[in-house]
Amino acid sequence: MPARSAVAILGGGASGTLLATQLLRRMHPEGMRIVLVERRAEIGPGLAYSTPLPFHRLNVPAAQMGSFPRDPGHFLRWAQRSEPAAGPGDFLPRSRYGAYLAEVLADAERRALAGAELERRHDDALAVRVGEGARPLRIELASGDRVEADRLVLALGNPPPAVPGGAAAGLLGSGRFHPDPWDPGIAPASRGDSVLLIGSGLTMVDVALTLSQEGEPAWICAISRNGLLPRSHLAGGARFEKPFDLPAGPFTLDQLIAEVESKIAAVEAEGGDWRSVIDSLRPVTNRIWQRLGEEDRRRFVREVARHWEVRRHRMAPEVARMLKGLVSSGRLVIERGEIAAIRPGSGCLVVSVRDPDSGRISERRFDRVVNCTGPAQDLSRAPGPAIASLLGAGEVRPGPYRLGLDHDSRGAMITEAGEVSRLIFGIGPVRKGRLWETTAIPEIREQALELADLLTADLSRTANRRAARPARAGPAPAPRRS
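Please read all numbers here as calculations on a predicted model, not as lab measurements. (Residues numbered from 1 in each chain as written. Predicted model: local features only at pLDDT ≥ 70, side-chain atom pairs only at ≥ 80, totals over all residues. Heavy atoms only, no water.)

Participant: Give me the lowdown on the nonpolar core, citing residues and values where you can.
Facilitator: Judged by nonpolar contacts, the single largest core of 45 residues is most densely connected at I9, L19, L23, F75, Y97 and V153. For this core, the secondary structure elements donating two or more residues are β1 (5-10), α1 (14-24), β2 (32-37), α2 (74-82), α3 (94-110), β3 (116-121) and α12 (441-468). It is α12 that provides the largest number of residues to this core, a total of 8 residues. Those residues in contact with I9 that sit more than four places away from it in its chain are G16, L19, A20, L23, I34, V35, L36, V37, V153 and A155. One finds V37, I139, L390 and L391 within the second-largest nonpolar core, a separate group that totals 25 residues. (Core = buried A, V, L, I, M, F, W, Y, C linked by side-chain atoms within 4.5 Å. Buried < 20%, exposed > 50% of the residue type's maximum accessible area, 1.4 Å probe, protein only. Helix = DSSP H or I, 4+ residues; strand = E, 2+ residues; numbered from the N terminus. Contact = heavy atoms within 4.5 Å.)

Participant: Tell me what's going on with the sheet that holds strand β13 (residues 349-354), and back it up with residues and numbers.
Facilitator: Sheet architecture is open: 3 strands sit in the order β12-β13-β14, paired in antiparallel fashion. Strands with a single pairing partner mark the edges of an open sheet, and in this sheet they are β12 (338-344) and β14 (361-366). Put simply, the sheet's adjacent strands are angled 25° from each other on average, direction ignored. Pairing of β12 with β13 involves 6 bridges; the strand directions are antiparallel. Bridge assignment links R343 to a residue of β13, and that residue is V350. (Pairing = 2+ DSSP bridges. Axes fitted to C-alpha atoms, helices over the stretch in contact; angles between N-to-C directions.)

Participant: Kindly report on the packing of aromatic side chains, identifying the contributing residues and their values.
Facilitator: All chains considered together, the criterion is met by 11 aromatic pairs. Between W289 and F300, the aromatic rings sit 5.8 Å apart at their centres with planes inclined by 70°, giving edge-to-face as the arrangement. Of this pair, W289 sits in helix α7 (residues 285-291) while F300 is found in helix α8 (residues 294-312), placing the two residues 11 residues apart along the sequence. This pair shows no difference in class: W289 is buried, exactly as F300 is. Chaining the aromatic ring pairs together yields one cluster made of Y49, F75, W78, Y97 and Y100. The ring of F68 carries R25 above its face, with NZ or CZ at 4.3 Å from the centroid. Over the ring of W436 we find K432; its NZ or CZ atom is 4.1 Å from the centre of that ring. (Phe/Tyr/Trp six-rings, centres within 6.5 Å; stacked < 30°, edge-to-face > 60°. Lys NZ or Arg CZ within 6 Å of the ring centre and 35° of its normal.)

Participant: Which residues make up the pattern of salt bridges, and what values do they have?
Facilitator: If you walk through the whole model with that rule in mind, you get 38 salt bridges. Notably, a salt bridge pairs R129 with E140, separated by 3.5 Å at the nearest N-O pair. Taken together, the positions of R129 in strand β4 (residues 125-130) and E140 in strand β5 (residues 137-141) put the pair 11 residues apart, joining distant regions of the chain. Judged by its relative accessible area of 21%, E140 is partly exposed. (Salt bridge = Lys/Arg side-chain N within 4 Å of Asp/Glu carboxyl O.)

Participant: I'd love a proper account of the environment of E295, names of residues and values included.
Facilitator: Here E295 lies in helix α8. Remark: the alpha-carbon pair of E295 and T252, spanning 43 residues in sequence, is separated by 9.7 Å.

Participant: Describe the confidence of the model for the protein chain, naming the residues involved and giving the relevant values.
Facilitator: Averaged over the protein chain, the pLDDT score is 89; the fraction of residues at 70 or greater is 92%. Put simply, α12 is where the protein chain has its lowest mean pLDDT, 87, and strand β7 (residues 151-154) is where it has its highest, 98. Between residues 471-482, whose pLDDT stays under 50, and residues either more than four places distant or in other chains, the model counts 0 contacts. (pLDDT = per-residue confidence, 0-100.)

Participant: Can you break down the side chain of S460 residue by residue, with the values?
Facilitator: Among the secondary structure elements, S460 is positioned in helix α12. Polar contacts involving the side chain of S460 include one to the side chain of E30, which spans 3.4 Å. (Polar contact = N/O pair within 3.5 Å; in protein donor to acceptor, adjacent residues only side chain to side chain.)

Participant: Outline the packing of α2 against α3, listing residues and values.
Facilitator: Packed helices, taken two at a time, are described by the angle between their axes plus the distance between the axes. Running from N to C, α2 and α3 point in directions that differ by 105°, and their axes come no closer than 11 Å. Classed by the angle they form, the pair α2 and α3 counts as roughly perpendicular. Each of H74, F75, W78, A79, R81 and S82 in α2 lies in contact with α3, whose residues at this interface are R96, Y97, A99, Y100, E103 and V104. Here the contact of α2 with α3 is composed, by residue class, of 7 nonpolar, 2 polar and 3 charged. (Parallel < 35°, antiparallel > 145°, perpendicular 65-115°, else oblique. Nonpolar A, V, L, I, M, F, W, Y, C, P; charged D, E, K, R; others polar.)

Participant: Which residues make up unusual backbone geometry, and what are the values?
Facilitator: In this structure, Y401 is a non-glycine residue whose phi angle is positive, near 65°. Looking at the element boundaries, Y401 is found in the loop between α10 (385-393) and β16 (412-414). On the basis of relative accessibility, which here comes to 16%, the residue Y401 falls in the buried class. Within the chain, R402 stands out as a residue other than glycine whose phi angle is a positive 60°. Of note, R402 is situated in the loop between α10 and β16.

The following block contains the structure:
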């Protein structure tokens, strides 16, 4: 086996970029080649931070968005170099954060310690083969090329939303149905258009603002099962003194909800704000998730998750004001309902909407429909080709509650047979089932730090064992023909 270790990272968005940055900051006496595979033209921003629109804002204050766990203010200082007025509580455009991630990686590459080398591949992974090359892993790319690696990290970010049930197969080529809300081909709505947005979360907010930036559509309607909108941050961000105090010993979901409600009531009685209590849960969310019983976790996913998400993942104040303007002007309507079917009509799409209370179905007509249901968490239902190949070979398995992929406490994937993989790891949203809180920068930067330490130590041990192994006697290799 070649002496220099190779780590392949699939995904060049925030997760892959932060991991590559951490690997470049470590000493690799045996040598490490870091191959970052990203299909987009630019590595760093990924899908989340590549939007150029100024009203697509971060939903975390600038002071908390630094790339490094021990330096959360790193991003704010970077932003202040070009925007001196930027403050710690500001919610800056996501495009600024995308530029920051690209620069963080470039800086790490320039300052890379001995033995570390970054190779950028603008390509798409089609399959991962285990044990079929000079190294234990072979990644086959859309270009026809391949990458051979000793370790693989799945840093795929949030998957696209699943196509709603009941959507007719012929819709995808109609030009009226948009399965991917981030498709750059979705044009602003024109005067007289009626547009249905399926979902009412942060994705819907972004799309509604995008569609409304030009023209005056007759109507944008957002329909979701709960009809719940994300709440707004306070200007400058809420403050909390310390993490939430977890109850001692076992506790149930009902007890946890009662404790949170009690703390909110106490804070508000003293003139405080509920957001401070929700934010105090942030550092201990994953500990809470792991301490809840199996049935309570299932119930949380089924009944409570949406109510938590709208309070936990909030809109920037500027975005909330823009959305409120759309609603108050009648240009955006939020409704409760379930999409039962979507089919082509005469110059429109016919959408069957089920009333969640009565079960009665009504038909509505829209010029266009955009799927804003949020990331598809069940990767086994609509996996990308690389994940499909790993699932098919039994090298990975779906995560608990069909959320992401299963893994151990270090991020090592769990195989279909229940064994901990020595070769394949995950970072970011693929860890959803075990961690729940794993999609935001504060959690991802911690994972990047820990995983870089693990991979560096693991590959160093492997290289040392290889070097200590006595050379085999045998015939000299035949000369290679040119």
